[in-house]
Structure formats: structure tokens, C-alpha cells
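# Observations on the three-dimensional arrangement
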Amino acid sequence: MRAHEIRPAIADLVFAGDGTVRLDMSLILEAALAEIGAEHSDTDESPNAARYDDLRLLDESALATEFERFKPRFLEGVSLSADGVRIPLEVTTVELDPVGDTDFARLSRLQLAGPVPEGAESVVYSFDPAFGPSVIRVPDGQGEISYSAYLGDGGPSEPIPVVGGLTVSAAQVFWDYIGVGFTHIVPKGLDHILFVVGLFLLSPRLKPLLIQITSFTIAHSVTLALAMMGLISAPASIVEPLIAASIVFIAVENLATNRLSPWRPFVVFGFGLLHGLGFAGVLTEFGLSPAHFASGLIGFNIGVEVGQLAVVAACYALFGAWFSEKSWYRARVTMPMSLAIAFVAVWWFAERTGLVA
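Computed from a predicted structure; not experimentally measured. (Residues numbered from 1 in each chain as written. Predicted model: local features only at pLDDT ≥ 70, side-chain atom pairs only at ≥ 80, totals over all residues. Heavy atoms only, no water.)

## What to know about the sheet that holds strand β3 (residues 78–82)
An order of β4-β3-β7-β10 is seen for the 4 strands of this open sheet, with the pairing classed as antiparallel. Lying at the two open borders of the sheet, with one neighbouring strand each, are β4 (85–86) and β10 (160–161). Alignment of strand β7 (residues 122–127) against β10, held across 2 bridges, turns out to be antiparallel. Bridge pairing in β10 places valine 123 opposite isoleucine 160. Each of β3, β4 and β7 touches helix α3 (residues 60–77); the most contacted strand, β3, lies at about 45° to it. (Pairing = 2+ DSSP bridges. Helix = DSSP H or I, 4+ residues; strand = E, 2+ residues; numbered from the N terminus. Contact = heavy atoms within 4.5 Å. Axes fitted to C-alpha atoms, helices over the stretch in contact; angles between N-to-C directions.)

## Thoughts on helix α4 (residues 170–185)
End to end, α4 covers 23 Å across 16 residues, agreeing with the expected 22 Å (1.5 Å per residue, within 8%). What α4 keeps buried is the set Val173, Tyr177, Ile178, Val180, Gly181, His184 and Ile185. (Expected span 1.5 Å × (residues − 1). Buried < 20%, exposed > 50% of the residue type's maximum accessible area, 1.4 Å probe, protein only.)

## Details of the packing of aromatic side chains
A complete count under the given rule lists 10 aromatic pairs for this structure. With a centroid separation of 5.5 Å and 20° between ring planes, the pair formed by phenylalanine 74 and phenylalanine 131 is classed as stacked. Here the residue phenylalanine 74 occupies a position in helix α3, and phenylalanine 131 occupies one in the loop between β7 and β8 (134–139), the gap between them amounting to 57 residues. Residue classification places phenylalanine 131 among the buried residues on the basis of a relative accessible area of 6%. Note on phenylalanine 174 and tryptophan 175: the rings are 5.6 Å apart at their centroids and 75° apart in plane angle, and the pair reads as edge-to-face. For tryptophan 175, a relative accessible area of 58% puts it in the exposed group. Of the aromatic side chains, those joined through ring pairs into one cluster are Phe67, Phe70, Phe74, Phe127 and Phe131. (Phe/Tyr/Trp six-rings, centres within 6.5 Å; stacked < 30°, edge-to-face > 60°.)

## Examining the side chain of aspartate 12
Following the sequence through the fold, aspartate 12 ends up in strand β1 (residues 9–15). Within polar-contact distance, the side chain of aspartate 12 engages the side chain of arginine 137 at 2.7 Å. (Polar contact = N/O pair within 3.5 Å; in protein donor to acceptor, adjacent residues only side chain to side chain.)

## Quick word on the packing of helix α5 (residues 190–202) against helix α6 (residues 206–228)
Where α5 contacts α6, the two axes come as close as 9 Å, and the packing angle between them is 150°. Overall, the two elements α5 and α6 adopt an arrangement that is roughly antiparallel. Helix-helix and strand crossings are classified by hand; for α5 and α6 the assignment is right-handed. Taken together, the residues of α6 that come into contact with α5 (itself represented by Phe195, Val196, Leu199 and Phe200) are Leu209, Gln212, Ile213 and Phe216. (Parallel < 35°, antiparallel > 145°, perpendicular 65-115°, else oblique. Left-handed = near helix turned anticlockwise from the far one by under 90°.)

## Some words on a nonpolar patch on the surface
Judged by side-chain polarity, Leu206, Leu210 and Leu309 come together as a nonpolar surface patch covering roughly 270 Å² of accessible area. Structurally, the position occupied by leucine 206 is in helix α6. Classification of leucine 206 as exposed rests on a relative accessible area of 59%. (Patch = residues over 30% accessible without salt bridge, like charges linked within 9 Å, V, L, I, M, F, W, Y side chains within 5 Å. Areas by Shrake-Rupley, 256 points an atom, 1.4 Å probe, with all protein chains shown as cover. Salt bridge = Lys/Arg side-chain N within 4 Å of Asp/Glu carboxyl O.)

## Considerations on the pattern of salt bridges
If you walk through the whole model with that rule in mind, you get 14 salt bridges. Put simply, aspartate 12 and arginine 137 hold a salt bridge, and the shortest N to O gap is 2.7 Å. With a gap of 125 residues between them, aspartate 12 in strand β1 and arginine 137 in strand β8 connect regions that are remote in the sequence. The residue arginine 106 makes a salt bridge to glutamate 30 at a minimum N-O spacing of 2.8 Å. Here the residue arginine 106 occupies a position in the loop between β5 (90–95) and β6 (108–115), and glutamate 30 occupies one in helix α1 (residues 29–33), the gap between them amounting to 76 residues. Taking relative accessible area as the criterion, glutamate 30 reaches 1% and is therefore assigned buried. It is possible to trace a salt-bridge network through shared partners that takes in Glu35, Arg73 and Asp128.

Treat this as a map of the structure, not an account of what it does.
Quick look at the structure:
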């Protein structure tokens, strides 16, 4: 079965106005139950991968039974503290979807609630990293996200006021999302990494490589921005197989020719449009605050670009600087590595289209 990228649990913090606080959570519950931690980029990396694969095959009734057994451990790992005092939480709602297509991760929705101590001024959220990474968000009165923070190491979050909301600067959002963008490439974006490596293999010379990377960056920035503004959208069931196909194309072209064609930057631009839709699926989950939409989007794009350049730098340090001028470079480096990338991407395409189980 297909491995799944570790996606963060999304927790919306809501003060109900009646002395209680609520966490509305959306998460891959099977990953939490299997305790596939935040240190892994996808489920196959975890020693608990088999447990995860078993859980994802369960119908909603059986999964609910598994969660009921796990609930005490889960409530230990989800923490809200008010002025240093832990708030006792209970699970009030569990919404589970049918199994569906197991090639794609199933999102579950939980609601946790507890009393806010009288006179408490702020609360702090944390999420056990053994369950994976987490994003804490604070919706405003209109349902828009006024604050969000990525907690890759489980937190704790900064104190979130009970009254008045949390003020965060555009600069802080910018720097936070640089980190989110970078980690989405290195180490979590293996498909994007292989695409960039494929670009490097045909021509490790700096100028043509930078032209291709720039073309790719401009393209994915355009579709990412349009998708985040709600102007375009495409389901992951279409985007993800096409991303795999783009990697296959680049790898096969590397095998078919030893010359960089003048139209390759335009092809890379087209593929960048696809990858941007893939990035949008991740960033949408984080719920950018409208007040800091631009700074978060720019920061994420910069983080992605820095991640891509880090991949290029690693390739150059390992191969380009030492072997790119050797007569055997194509036969011993470009060809075998492109072939390996093509095989991996073909497998991904088959998985993502349901051609293989």
C-alpha cells in the first residue's frame, strides 16, 4: 500500500464564551494511533508502518473502537494549560469517514472540550510529537483564521489570550513560513526533491540549471497564489499522479538525450504549475491569517526556493564539483540515477492512480 506523507494535525482553538474552551481537530487519526512521530516524513519511515497500514483498512466503526481504547493515551498527549494549570479535556465528538480509497490518507475530525479556570488570561497548547506535527489555529468571530502556528516539535505554543485574540507580526509569520516551506522540500518533499535532482542530472552547469529552477519557481508561485486565493483548485487525486508523471518525463528525457533543449525551461514551467497546486494542498491546511496572507505566502515560497537550492547545492557538492567534466559522467552518473528516478516515479504514478495496491 502507498505510504502517506505525515500531515500535521490541525487544531482550531475556540473559546465558547460559556467558560469552556474547545479544540476542533482534523487529523490522520490512524497515524496518531500508530504513533508515527513528527520525526518521520512519511509513514513508511516509521517502525509502526505496518500498524498504520492495518488501521487504514478499518471501517469507521472498527476505527472508532480502536480510538476508544487509545483515548486515555491521546488525552495525555493533547494539552491545554491555563496560566500554568492543565485543563482537563474530554472528547465530545468523533467524526470518522468510511474507508474510501486507501491510496489517500483519511482525515478524521475530533472535538475536545474543557473548562477554562475562572480568571485565566491565556492558554498554551501542546501536542505530543509521537502523534506527528501539529498546527494550532485561532479563528476570529467571523470564522477567519486570525492566528496559526506550526509546531513540528509538539510545542508548547506561545500563550494565547482568552480575550482579545493573539497579535502576531507580519515579520514573525514571514519567518515561520520560511521554515514551513523549507521543511516541505527538505526532508518531506521527496517527489519535489527527485524532480530537482532530475533537472540537475542532465546539465549540472550553473546557468542553465538556474534558468530551469527559476522557471519552476515562478510557475509554482503563480498556481500556489491563485489556489490560496480560491481562484483555482484541483483534487489531489489528479494533481499527485501528474506530479509523478512530471518526474518520469524529466528522468526519461535525461535518458534520451545528452543535450539541454531550448524548450526545456518551458516544459519545466508547465510542470511547476502542477507542483504549485501540490504545495497549495499543504498550505491550505495551515489556514493563513488574512491579515498576514501575503507575508505567509511569500515566506513559504522563499522556504521552498531555499529548499530547492539546498538540493542543488548537495548535488553539486556530491557530483557536479568533482565529476561533471569527466567523460564518463553521463554513463556512470546521469544515466543510472535518471533510471532510478524514473522507476520510483513510475511506481508513484501507479500507486496514485490505483494501478497497484
